[in-house]
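# Overview (structure and organization)
The primary structure of each chain is shown beneath.
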Amino acid sequence: MSPPGSADTAGSSEDDGVSEAETAAAGGSATAIAVDGLELVYSDGTAAVRGIEMGVPEGEFFGFLGPNGAGKTTTIKVFATLLSPTSGAVRVNGFDVRSAPREIRKSIGYMAQETSIDPELTAEENIRFACEAHGVPREERSERVTELLDLVDLADVAGKRAEEFSGGMKKRLDAATALVHRPPLVFLDEPTTGLDPKARNRLWDYFRRINDLGTTIFLTTQYLEEADQLCDRLAVILDGEIVAEGSPAELKREVGGEVLEVEVEGGSGARQRAATIAREFDAFADASVTETDEGISVTAEAARQHGTDLLVTLRDADLTVTGFNIRAPTLDDVFLAITGDELDTDEMEAGR
Amino acid sequence: MSAPETDERAGADSARPVARSGNSFVGDVWVNFKRWNLKAVRNPFVLVVSLVQPIIFLVLFTEVFGNVAGGAVNQGLPGVSYETYLVPAIAIQVALAAAITSGVGLVNDIENGMFEKVLVTPMNRTAVFVGKTAAEVFRIAVQIAIILGLGVLLGAEIVTGIVGVVGIVAVGILFSLWFVALSNALAIITRDQESTIIGANLLQFPLLFLSSAFLPLAALPGWVQTFARFNPVTYGVDAARSLIIDQDVMTVLDVSWFGGTLDGVVPGVAVLVALDLVLGGIAVYLLSRASSSDVK
């Protein structure tokens, strides 16, 4: 099972030059990321990642979903060779993160959570520097710069300094600089946090386009909607552990459909009656019904189709509905379904 | 090293094209050298600020103190004008002021994410910092040359000519390196732009005034003379000053191995090189720790 020219023989120094032949031998693998028992404990004792097992095949659009502080960024930093794992084995593009970090750096693109561009350089200069830093051959650089400026729609402002850009433009420029060397695997750490919906949709388009070209994408996000839109497969991380894995559809099935929230007038007695009616409602065979502060919350596959019928039934039972809302399940709902617990965001913020 | 070969397919399929990388050490140095020079040109404010203060000193000191200080200078060095006496000190001041910006640049890189971004590239990390420092040294050399030209315009005499100019620039660079290292160390420790600037600036004036920069040590109080003996500025200024007037004017180390000017230059250079090595070592240690992937 020992691959020829195994990266382990390259020694642990980061500056070790590994020959092209060795690179070719060790670099071929149909698994982009293979993780076995990854743990990471910060020096202050915080266990940010506690035993993750996962694999991402080449070409997949993989989503890593979790609230703030769940360990998403720590994990992605281990994959990008910015942090050494405390224990466990991680291979990225066939290379071990500990023994061959430089080989990994040659074969990945990484977009950090905070936009990372040089504000004093123009859009074009930022991309050109990234080309040079990633060793793109001189004769290909100009073409690559033009191509990427087009891809992220910044060709018109190529000569403008990045500090003049809007948040969305900066993010797009940042994304472009992560792609200069046509990496087979790209890490995107919460790429759309803080962007307006228009800028976010645009960025999604680019990511889809890159993925269509065969690039494996590993994306972290706090938003179920984003993962739903983009990803082939998801893992949900909570408190440093993977609590669920599967396609977006599978995860949503765990939630059990869409959520209908109904506000009812008349105190807890009315709410109890409404809940009973909802539980006995024929169209919602699989519904889970809970009482909330203002009324009831019904989660059911058919919530959208038959929501109005329930409202009519409630009115016929002399209950006054003061408001209602049908929405897609959120990350909160997924966590509620998976862990049976409300997401405690404050507690999450405290961790890393 | 616990890296079990759990992935059966590793190494089995080598059909995928391997990302080609044209990185070489010299190439990586050059890439970073270019980037930091470009940033310096883009941000003329930094260039101007680190020049303006020394120029103000040069003009004000020669005009305001010239008559008084000239007398003190002449007692020890007959025939040397205060302009000539002051120019090497201003050259060292420029080196000091410009070296501060090195740490500021590093802090900015850490703050805007470029530091981490560079760490994810396959560039050699030593080359990254060599390239950045080379760009700063290059800028310091240009700024010292500007000061020397301005000094000549104001009436300073560089009797050693072009050799002297090159020598003073070289001394200025050697002098700047320990402060470059110090400002980078401050940058990594504080990770904050203001703290780095304030920390480095706080040092600037005591270092300059408690040395042989503006007046001969003989004209200064005893405690200043004692401090000056341990002050790197004294060694830089005395070496540069020996070069501009072609005499041994090293005030704190008495050496007579070579005879003439070199007795003033060599000891100063030796002290500066030793200081560069020590502080450079500390900065390199801090930089490699900051850029390592070890869990902190």
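Worth saying up front: this structure is predicted, and the values here are computed from it rather than measured.

Okay, the overall build of chain B next. Looking only at helices and strands, one finds 10 helices and 0 strands in chain B. Taken from N to C terminus, the helices and strands of chain B fall in the order α-α-α-α-α-α-α-α-α-α. Reported as C-alpha extents along the three principal axes, the dimensions of chain B are approximately 85 × 35 × 35 Å. Counting only contacts in chain B whose residues sit at least 6 apart along the sequence, the fraction spanning at least 24 positions is 74%. In the form shown here, chain B has an accessible surface area of approximately 12,700 Å², with 69% of it arising from carbon and sulfur atoms. If the 16 positive side-chain charges of chain B are averaged to one point and the 21 negative ones to another, these points end up 11 Å apart.

All names here are of chain A. For the coordinates displayed, the defined rule picks out 24 salt bridges over all chains. With a closest N to O distance of 3.1 Å, Arg-202 and Asp-153 form a salt bridge. In this pair, Arg-202 is assigned in helix α7 (residues 197-212) and Asp-153 in the loop between α5 (138-151) and α6 (167-177), connecting sequence segments 49 residues apart. When its relative accessible area of 31% is taken as the criterion, Arg-202 is described as partly exposed. Arg-233 serves as the salt-bridge partner of Glu-245, at 3.3 Å between the closest nitrogen and oxygen. In this pair, Glu-245 sits in strand β10 (residues 241-246) while Arg-233 sits in strand β9 (residues 233-238), placing the two residues 12 residues apart along the sequence.

All names here are of chain B. Along its 33 residues, helix α2 (residues 44-76) runs just 40 Å from first to last C-alpha, ending more than 12% under the 48 Å computed at 1.5 Å per residue. At Gly-66, α2 is deflected by roughly 80°, the largest bend along its length. Listed in full, the buried residues belonging to α2 are Ser-50, Leu-51, Pro-54, Phe-57, Leu-58, Phe-61, Thr-62, Gly-66, Ala-69, Gly-70 and Val-73. Taken together, the buried residues of α2 touch α3 (82-111), α5 (125-153) and α7 (193-209).

Moving on, we get to the sheet that holds strand β13 (residues 295-300) of chain A. The strands making up a sheet associate through hydrogen bonds between their backbones, and the pairing can be parallel or antiparallel. Residue and element names in this part refer to chain A. In spatial order, the strands read β12-β13-β11-β14; together these 4 strands make up an open sheet with antiparallel pairing. The sheet terminates laterally at β12 (288-291) and β14 (321-327), the two strands that pair on one side only. In this sheet, adjacent strand axes meet at a mean angle of 15° when their direction is disregarded. Along the sheet, helix α10 (residues 267-280) makes contact with β11 (258-264), β12 and β13, crossing β12 at roughly 180°.

Here we take up the confidence of the model for chain A. Taken over all residues, the pLDDT of chain A has a mean of 83, while the share at 70 or more is 88%. In this model, residues 344-352 of chain A is a region of pLDDT below 50 whose contacts with residues beyond four sequence positions or in other chains number 14 contacts.

This part is about the nonpolar core. Residues and elements named next belong to chain B. With 63 residues, the main nonpolar core has Ile-144 and Phe-214 as its most contacted residues. Listing elements by their share of this core, those giving two or more residues are α2, α3, α5, α6 (161-190), α7, α8 (222-229), α9 (232-245) and α10 (262-291). Considering each element in turn, this core owes the most residues, 15 residues, to α3. In contact with Phe-214, not counting residues within four places along its chain, are Phe-57, Phe-61, Tyr-82, Tyr-85, Leu-86, Ile-90, Leu-208 and Phe-209.

Below, the discussion takes up the sheet that holds strand β2 (residues 47-57) of chain A. Residues and elements named next belong to chain A. With respect to topology, 4 strands assemble into an open sheet ordered β2-β1-β4-β5, the strand pairing being antiparallel. Edge positions in the open sheet fall to β2 and β5 (95-96), since each of these has one partner strand only. Sheet topology places strand β1 (residues 31-41) next to β2; 8 bridges connect them, and they run antiparallel. Paired with Leu-38 across the strands is Ile-52, a residue of β2.

Our focus in this paragraph is the packing of aromatic side chains. Residues and elements named next belong to chain B. Tallied over the entire structure, the rule returns 20 aromatic pairs over all chains. A centroid spacing of 4.6 Å and a plane angle of 45° characterise the contact between Phe-61 and Phe-214, whose relative ring orientation is tilted. Of the two residues, Phe-61 sits in helix α2 while Phe-214 sits in the loop between α7 and α8, which places them 153 residues apart along the sequence. Comparing Phe-61 with Phe-214 shows no difference in burial state: the two are buried. Linked through ring pairs, Phe-57, Phe-61, Phe-65, Phe-205, Phe-209 and Phe-214 together constitute an aromatic cluster. Between Lys-39 and the ring centre of Trp-36, over which it is positioned, the NZ or CZ distance is 5.1 Å. The ring centre of Tyr-85 lies 3.4 Å from the NZ or CZ of Arg-241, which sits over that ring.

Let's shift gears to a nonpolar patch on the surface. All names here are of chain B. A contiguous nonpolar surface patch, about 500 Å² in accessible area, is contributed by Val-48, Val-52, Ile-56, Leu-60, Val-64 and Phe-65. By the secondary structure assignment, Phe-65 is in helix α2. Overall, the relative accessible area of 41% leaves Phe-65 in the partly exposed class.

Conventions we followed
- Residues numbered from 1 in each chain as written.
- Chains lettered and ligands numbered in written order.
- Predicted model: local features only at pLDDT ≥ 70, side-chain atom pairs only at ≥ 80, totals over all residues.
- Heavy atoms only, no water.
- Helix = DSSP H or I, 4+ residues; strand = E, 2+ residues; numbered from the N terminus.
- Contact = heavy atoms within 4.5 Å.
- Areas by Shrake-Rupley, 256 points an atom, 1.4 Å probe, with all protein chains shown as cover.
- Lys, Arg positive; Asp, Glu negative; His and termini not counted.
- Charge placed at Lys NZ, Arg CZ, Asp CG, Glu CD.
- Salt bridge = Lys/Arg side-chain N within 4 Å of Asp/Glu carboxyl O.
- Buried < 20%, exposed > 50% of the residue type's maximum accessible area, 1.4 Å probe, protein only.
- Expected span 1.5 Å × (residues − 1).
- Bend = angle between axes of the 7 residues up to and from the residue.
- Pairing = 2+ DSSP bridges.
- Axes fitted to C-alpha atoms, helices over the stretch in contact; angles between N-to-C directions.
- pLDDT = per-residue confidence, 0-100.
- Core = buried A, V, L, I, M, F, W, Y, C linked by side-chain atoms within 4.5 Å.
- Phe/Tyr/Trp six-rings, centres within 6.5 Å; stacked < 30°, edge-to-face > 60°.
- Lys NZ or Arg CZ within 6 Å of the ring centre and 35° of its normal.
- Patch = residues over 30% accessible without salt bridge, like charges linked within 9 Å, V, L, I, M, F, W, Y side chains within 5 Å.

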